[in-house]
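Working through the structure, step by step
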Amino acid sequence: MGGTILTAKLALKETSCVHLGGGFHHAFADHGEGFCVLNDVACAARYCQVQEKLRKIMIVDCDLHQGNGNAHIFKDSKEVFTFSIHQENNYPLIKPPSDLDIGLADGSGNKEYLDALEKELPRIFKDFAPQLVFYIAGADPYFKDQLGALRLTLDGLERRDEFVFALAKESKAHVAVVFGGGYAQDINDTVLIHYNTVKKALEIL
Ligand SMILES: [Zn+2]
């Protein structure tokens, strides 16, 4: 929680900042679930509303699982836009609606994923014009993930990160990056996916 709040503050001061952790998007205001005790992104977003007087915050959730905690917490907020692209047929069973959800079919790979992002994200960036983006860069859409059934390759995940970062840059939004989940059979793959996210953030932002 402290790390993600600090990441948001530094992202606002610089152009962007990456937290080597965070993204506990399944925690609600009154309970934790799905490996998530406390919702760091929701608290950091609230912090930025109150302390930094931000009025346009967007959560771009690219973890394999739907961001049910954030969707529920910000369901009545016009200042926080929640976007989630996820595997439809997976936890959480009940998915409170985000401002925009894309639920992908089992087995969706690079093309389906990137096509869906390209179709929806530029439009919502343009319409909402976020001042700050929280990017939840989950490593679990990876094809060797043990908890998911999406089929992105390492290259596909890098292109996902690149696309989000380039769009944020073009929109002049500050970006706070958090890791989200990742459960590859080989932990080195998960580390590499997160490493690539940091590398892309450095290159593009
Ligand atoms: Zn996940």
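To keep things clear, this report deals only with the structure shown in the data block. These numbers come from a predicted model, not from an experiment.

1. Some details on the pairing of strand E6 (residues 174–178)
- With four of five residues buried, E6 lies mostly within the body of the structure.
- Sheet topology places strand E1 (residues 16–18) next to E6; three bridges connect them, and they run parallel. Within E6, the residue paired with Cys-17 across the bridge is Ala-176.
- Relative to E6, strand E5 (residues 132–136) runs parallel, the two sharing five bridges. Each residue of the ladder has a partner; that of Ile-136, found in E6, is Val-178.
- Once you follow E5 into helix H5 (residues 154–170) and on to E6, the crossover reads as right-handed.

2. Section: the sheet that holds E1
- The strand order E1-E6-E5-E2-E3-E4 describes an open sheet built from six strands, whose pairing is parallel. Looking along the sheet, the strands with just one partner apiece sit at the ends: E1 and strand E4 (100–104). Between one strand axis and the next, the sheet turns through 10° on average, direction left out of account.
- Bridging between strand E2 (residues 57–61) and strand E3 (residues 80–87) involves five bridges; their strand directions are parallel.

3. Some details on the pattern of salt bridges
- Under the defined criterion, the tally for this structure stands at 10 salt bridges.
- With its nearest N and O atoms 3.5 Å apart, the salt bridge here joins Lys-75 to Asp-76.
- For Asp-76, a relative accessible area of 67% puts it in the exposed group.
- For the salt bridge of Lys-111 with Asp-115, the shortest nitrogen-to-oxygen distance reads 2.5 Å. Of this pair, Lys-111 and Asp-115 are both found in helix H4 (residues 110–128), four residues apart, which corresponds to roughly one turn of the helix.
- For Asp-115, a relative accessible area of 36% puts it in the partly exposed group.
- What emerges from the salt-bridge pattern is a single network uniting Glu-158, Glu-162, Lys-200 and Glu-203.

4. Quick notes on the state of the cysteines
- Tallied over the entire structure, the rule returns zero disulfides.
- The structure places no disulfide on Cys-17, whose sulfur is separated from the nearest cysteine sulfur, that of Cys-48, by 12 Å.
- By relative accessible area, which is 17% here, Cys-17 ends up buried.
- Of all cysteine sulfurs, the one in Cys-36 lies closest to Cys-62, which takes part in no disulfide; the gap is 16 Å.

5. Considerations on the nonpolar core
- Counting 37 residues, the largest nonpolar core has Val-60, Phe-83, Ile-85, Leu-121 and Tyr-135 as the members making the most contacts within it.
- When residues of this core are traced back to their parent elements, those giving at least two are E2, E3, E4, H4, E5, H5, E6 and helix H6 (187–204).
- Counting residues per element, this core draws most heavily on H4, which supplies seven residues.
- Setting aside its immediate chain neighbours within four residues, Tyr-135 contacts Val-60, Cys-62, Arg-160, Asp-161, Val-164, Phe-165, Val-175, Ala-176, Val-177 and Val-178.
- Ranked by size, the runner-up nonpolar core spans 19 residues in total, among them Ala-11, Ala-42, Ile-57 and Val-178.

Reading guide: rules and limits
- Counting of residues starts from 1 at the beginning of each chain's written sequence and follows it residue by residue.
- Thresholds applied to this predicted model are a pLDDT of at least 70 for local features of residues and 80 or more for the giving and counting of side-chain atom pairs; totals over whole chains, interfaces and linings are not thresholded and use all residues.
- Hydrogens are left out, water is left out, and the side-chain values use all remaining heavy atoms of the structure.
- For each residue, the accessible area found with a 1.4 Å probe, counting protein chains only, is set against the maximum for its type, and the residue is called buried under 20%, exposed over 50%, and partly exposed in between.
- Each helix is a run of H or I in the DSSP string that is no shorter than four residues. Each strand is a run of E no shorter than two, and both are numbered from the N terminus.
- Any two strands with at least two DSSP bridges between them are considered paired.
- Crossover handedness is defined here as right-handed if the route from the first strand over the helix to the second strand goes clockwise, with the strands pointing away from the viewer.
- Axes here mean lines fitted to C-alpha atoms, for a helix over just the part in contact, with angles spanning 0 to 180 degrees between N-to-C directions.
- In what follows, salt bridge is the name for a side-chain nitrogen of Lys or Arg lying within 4 Å of a carboxyl oxygen of Asp or Glu.
- In this description, a disulfide is simply a cysteine sulfur pair whose atoms lie within 2.5 Å.
- Residues belong to one nonpolar core when they are buried, are Ala, Val, Leu, Ile, Met, Phe, Trp, Tyr or Cys, and are joined through side-chain atoms within 4.5 Å.
- Contact criterion: two residues are considered in contact whenever any of their non-hydrogen atoms come within 4.5 Å of each other.

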